[in-house]
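Geometric and topological summary
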Amino acid sequence: MGQNPDDRLADEHYPAYTMGRAAEMLGTTRGFLRSLDQVLINPQRSAAGHRRYTRHELRLAARARALVDQGIGLEAACRIIALQDQLQEARRLTQHA
């Protein structure tokens, strides 16, 4: 049986957003989103092969865009985000140890 629609809406990892909608929500281009593929995010594909983004992926893309808007290169921005997330996870683990 499929997932309840309310459950999908609450699931931050449910691929609910098309590329066009994601770009519109972030105020960026589709090309920018494509540039993040496999570097920072890995959007799922619909049966027709179209990218579908989760809320979690949109938050990562928004963070990358904010850094790029500050003049940081895309590759460096993605690395900064990865390191920030690793540090946050390490802090979380040490607080619960």
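Right above here is the structure, for reference.
Presented here is a report on the structure given in the accompanying data block. (Residues numbered from 1 in each chain as written. Predicted model: local features only at pLDDT ≥ 70, side-chain atom pairs only at ≥ 80, totals over all residues. Heavy atoms only, no water.)

**Description of the pattern of salt bridges**
A complete count under the given rule lists six salt bridges for this structure. For the salt bridge of Glu24 with Arg21, the shortest nitrogen-to-oxygen distance reads 2.9 Å. Of this pair, Glu24 and Arg21 both sit in helix α2 (residues 19-26), three residues apart, which is roughly one turn of the helix. Assessed through its relative accessible area of 56%, Glu24 is described here as exposed. In this structure, Arg51 engages Asp37 in a salt bridge whose closest nitrogen and oxygen atoms are separated by 2.5 Å. Of this pair, Arg51 sits in strand β3 (residues 51-53) while Asp37 sits in the loop between α3 (30-36) and β2 (44-45); the two residues are 14 residues apart in sequence, bridging distant segments of the chain. Look at Arg51 and you get buried, because its relative accessible area is 19%. (Salt bridge = Lys/Arg side-chain N within 4 Å of Asp/Glu carboxyl O. Helix = DSSP H or I, 4+ residues; strand = E, 2+ residues; numbered from the N terminus. Buried < 20%, exposed > 50% of the residue type's maximum accessible area, 1.4 Å probe, protein only.)

**A word on the packing of helix α4 (residues 55-69) against helix α5 (residues 74-95)**
The interhelical angle for the contact between α4 and α5, taken along N-to-C directions, is 125 degrees, at an axis separation of 9 Å. In terms of orientation, α4 lies oblique with respect to α5. Judged by the twist between their axes, the crossing of α4 over α5 is right-handed. Here Leu60, Arg63, Ala64, Leu67 and Val68 of α4 come into contact with α5, specifically with Leu74, Ala77, Ile80, Ile81, Gln84 and Asp85. (Axes fitted to C-alpha atoms, helices over the stretch in contact; angles between N-to-C directions. Parallel < 35°, antiparallel > 145°, perpendicular 65-115°, else oblique. Left-handed = near helix turned anticlockwise from the far one by under 90°. Contact = heavy atoms within 4.5 Å.)

**Description of α2**
Each α-helix winds once per 3.6 residues, and so residues spaced three or four apart point in a common direction. Those residues of α2 not exposed but buried are Met19, Ala22, Ala23 and Leu26. Axial view of α2: buried residues confined to an arc of 95 degrees, hence all on one face. Contacts from the buried residues of α2 go to β1 (17-18), α3, β3 and α4. Phi turns positive, to about 65 degrees, at Gly27, one or two residues after α2. (Arc of directions from axis to C-beta.)

**With respect to the side chain of Asp37**
Judged by its relative accessible area of 12%, Asp37 is buried. Setting aside residues no more than four positions away along its own chain, Asp37 makes contact with Pro43, Arg45, Arg51 and Tyr53.

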